[in-house]
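Breakdown of the fold
Residue-level listing of the chains:
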Amino acid sequence: MNSLKNSPYYCEALHELEYDFGTFFLFENFIVGEVKSGMTLNWEDHSKKVTKDILDLYDSNGEDIIYISNRINDYSIVPSDWIKFYRSNYKLKGYGVINHTKNGHVIYLLEKLFINSSSKRFNSLEQAINWAKDMSKSIHLAYNP
C-alpha cells in the first residue's frame, strides 16, 4: 500500500498536518490519516489532539467530515477509544479503512462495534477517496437542494 503522498490525490489536499505519530491530509470534506509504524494510537496521547486540531480547522464537530484511515503501516489502536471521541461531542459523516491484511480486517470489525457513522473497508486508496467524494456530494445536495 502506498502513502497518499505518492498518489495522484496528493495535489488535491488542502492542508497537511504532521505529528510525531502520523500525517493527516485534509481535503474539502474528508481527511486521510496515515499513522506511523509501531505506534499504539490512543485517545489521550494522540487522537484527542489531532481531532481538536482538525475540526478547529474545519470549524466543525465532524458531522459533515469523512475520515479515511490509510493503514500503510503496522500499528495498534484502542477501538473502545471511539467512545471517548463520541462522548466529547464529536461526530463523523463516514469512516473508511484501507488495509490488505486479515489482522487489519479483524481490527476494523472491532472498531465498527464502536463507530456511530457510516463505515466501510477498502482495498485501495482510490476506492476510499471515490467513496468519500460520493458521500461529500450527498452532503452538498442535502444543504443546497
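An account of the accompanying structure is given in this report. (Residues numbered from 1 in each chain as written. Predicted model: local features only at pLDDT ≥ 70, side-chain atom pairs only at ≥ 80, totals over all residues. Heavy atoms only, no water.)

Quick look at the packing of aromatic side chains
Aromatic ring pairs: the centre-centre distance and the angle between the two ring planes describe each pair. In the structure shown here, the tally under the stated rule is 15 aromatic pairs. Ring centres of Phe-21 and Phe-24 lie 6.1 Å apart, and the angle between their planes is 65°; on these two criteria the pair is classed as edge-to-face. On the basis of relative accessible area, Phe-24 is assigned to the buried category, the value being 3%. For the ring pair Phe-85 and Tyr-86, a centre distance of 5.0 Å and an interplane angle of 85° mean the geometry is edge-to-face. Residue class for Tyr-86 comes out buried when judged on its relative accessible area of 16%. (Phe/Tyr/Trp six-rings, centres within 6.5 Å; stacked < 30°, edge-to-face > 60°. Buried < 20%, exposed > 50% of the residue type's maximum accessible area, 1.4 Å probe, protein only.)

Things to note about unusual backbone geometry
Not every positive phi belongs to a glycine, and Asp-59 is a case in point at roughly 50°. With respect to the helices, strands and loops of the structure, Asp-59 is situated in the loop between α1 (43-58) and β5 (66-70). With relative accessibility at 72%, the residue Asp-59 sits in the exposed group. Phi is positive for Asn-89, which is not a glycine, with a value near 65°. The exposure class of Asn-89 is exposed, given its relative accessible area of 58%. (Helix = DSSP H or I, 4+ residues; strand = E, 2+ residues; numbered from the N terminus.)

What about α1?
Among the residues making up α1, those that are buried are Trp-43, His-46, Ser-47, Val-50, Thr-51, Ile-54, Leu-55 and Tyr-58. Looking straight down α1, one finds its buried side chains confined to an arc of 120°; they lie on one side. Exposed residues lying more than 90 degrees from the buried face of α1 are Glu-44, Asp-45 and Leu-57. Put simply, Asn-42 is the residue that caps the front of α1, since its side-chain oxygen is 3.2 Å from the backbone nitrogen of Glu-44. Among the residues trailing α1, Asp-59 stands out with phi positive, at a value near 50°. (Arc of directions from axis to C-beta. Polar contact = N/O pair within 3.5 Å; in protein donor to acceptor, adjacent residues only side chain to side chain.)

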